[in-house]
Amino acid sequence: MTTFRPKYITFDCYGTLTNFQMAEAARDLYGEELDEPRMAEFIKNFAAYRLDEIMGDWKPYAEVVHNSLERTCKRNGVTFRDEAARMVYERVPTWGPHSDVPAGLAKVAKEIPLVILSNAMNSQIMSNVEKLGAPFHAVYTAEQAQSYKPRFKGFEYMLDMLGCGPEDVLHCSSSFRYDLMSAHDLGIKNKVWVNRGHEPANPYYGYVEIPDISGLPGVVGL
């Protein structure tokens, strides 16, 4: 991909910018009950059920967490407690950015408007955004769009709100399954994969790979 100066750089938030700590929360809850192989399996299942829970009609993220944790506990032979799901949900706004994020974003924000599209609740996301250390032109949530990524509706909502087309944005994410596959299918040709080790590379989807957000300014010629 040649140097492209987009109208907007659009971002996934949790995992890409904010240090997503669902695995840590699971360890805090169940680490004393499960040995390491079983804990690793629990974390993998928890991630899979969260994805499954958001593929249908929109529901509040507290329900996503509750249902996916309950299903994970059942699958892994662990006792589920309502208060555990509430604890996980209430941790979300406390999460801060990856260490590379504030400086990288600040450099780009001086030249190009930044936008977030997040699988988030309105009441939670701004606490995370405020910790990122850079101004954002807009923050769009799954609650506003009434749809979670990887479904297309959120991306379409974002583009409609911005008044632009897929050719006008550079979408940046650490996840193929939640973001980059859908962006590809919707015609967003300019994409950045932040390789945080969440998923293996998948060159079919066409992107620039960077190890962290410090590499983003170079992608857009800054």
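All of the points below concern the structure found in this document. If you're wondering where the values come from, they're calculated on a predicted model, not measured in any experiment. (Residues numbered from 1 in each chain as written. Predicted model: local features only at pLDDT ≥ 70, side-chain atom pairs only at ≥ 80, totals over all residues. Heavy atoms only, no water.)

### A word on the nonpolar core
Piece 1. Counting residues in each nonpolar core, the largest one holds 54 residues, and the members touching the most others are Phe11, Tyr30, Leu105, Phe136 and Leu216.
Piece 2. Both domains that furnish three or more residues to this core are identified here as domain 1 (6–17 + 95–218) and domain 2 (20–91).
Piece 3. Each residue touching Phe11, except ones within four places of it in the same chain, is listed here: Leu17, Leu105, Leu114, Val115, Ile116, Leu117, Phe136, His171, Cys172 and Leu216. (Core = buried A, V, L, I, M, F, W, Y, C linked by side-chain atoms within 4.5 Å. Buried < 20%, exposed > 50% of the residue type's maximum accessible area, 1.4 Å probe, protein only. Domains from an automatic or database assignment. Contact = heavy atoms within 4.5 Å.)

### Considering the packing of aromatic side chains
Piece 1. Under the counting rule described, the total for this entry stands at 14 aromatic pairs.
Piece 2. Both rings, one in Phe20 and one in Trp95, keep their centres 5.2 Å apart while their planes meet at 75 degrees; by these two values the pair is edge-to-face. Of this pair, Phe20 sits in the loop between β1 (8–11) and α1 (22–30) while Trp95 sits in the loop between α4 (82–91) and α5 (101–109), placing them 75 residues apart in sequence.
Piece 3. Between Tyr30 and Phe42 the ring centres are 4.8 Å apart and the planes differ by 45 degrees, which places this aromatic pair in the tilted class. Remark: Phe42 occurs in helix α2 (residues 36–53) and Tyr30 occurs in helix α1; sequence separation between them is 12 residues. (Phe/Tyr/Trp six-rings, centres within 6.5 Å; stacked < 30°, edge-to-face > 60°. Helix = DSSP H or I, 4+ residues; strand = E, 2+ residues; numbered from the N terminus.)

### Examining the pairing of strand β5 (residues 191–194)
Piece 1. Side-chain alternation along β5 places Lys191 and Trp193 on one buried face and Val192 and Val194 on a second face that is also buried.
Piece 2. In this sheet, β5 lies alongside strand β4 (residues 169–173) in parallel orientation, the contact comprising 3 bridges. Bridging across to β5, His171 finds its partner in Lys191.
Piece 3. Running through helix α9 (residues 176–185), the crossover from β4 to the neighbouring parallel element β5 is right-handed.
Piece 4. Of the strand pairs in this sheet, β5 and strand β6 (residues 208–210) are connected by 3 bridges, and their pairing is parallel. Across the sheet, residue Val192 finds its bridge partner in β6, namely Val208. (Pairing = 2+ DSSP bridges. Right-handed = clockwise from strand over helix to strand, strands pointing away.)

### Re the pattern of salt bridges
Piece 1. Under the defined criterion, the tally for this structure stands at 11 salt bridges.
Piece 2. A salt bridge links Arg196 to Asp100, with the nearest nitrogen and oxygen atoms 2.8 Å apart. Of this pair, Arg196 sits in the loop between β5 and β6 while Asp100 sits in the loop between α4 and α5, and the two are 96 residues apart along the sequence.
Piece 3. Take Asp100: its relative accessible area is 16%, and that puts it in the buried class.
Piece 4. In this structure, the salt-bridge partner of Asp179 is Lys149, at a minimum N-O distance of 3.0 Å. (Salt bridge = Lys/Arg side-chain N within 4 Å of Asp/Glu carboxyl O.)

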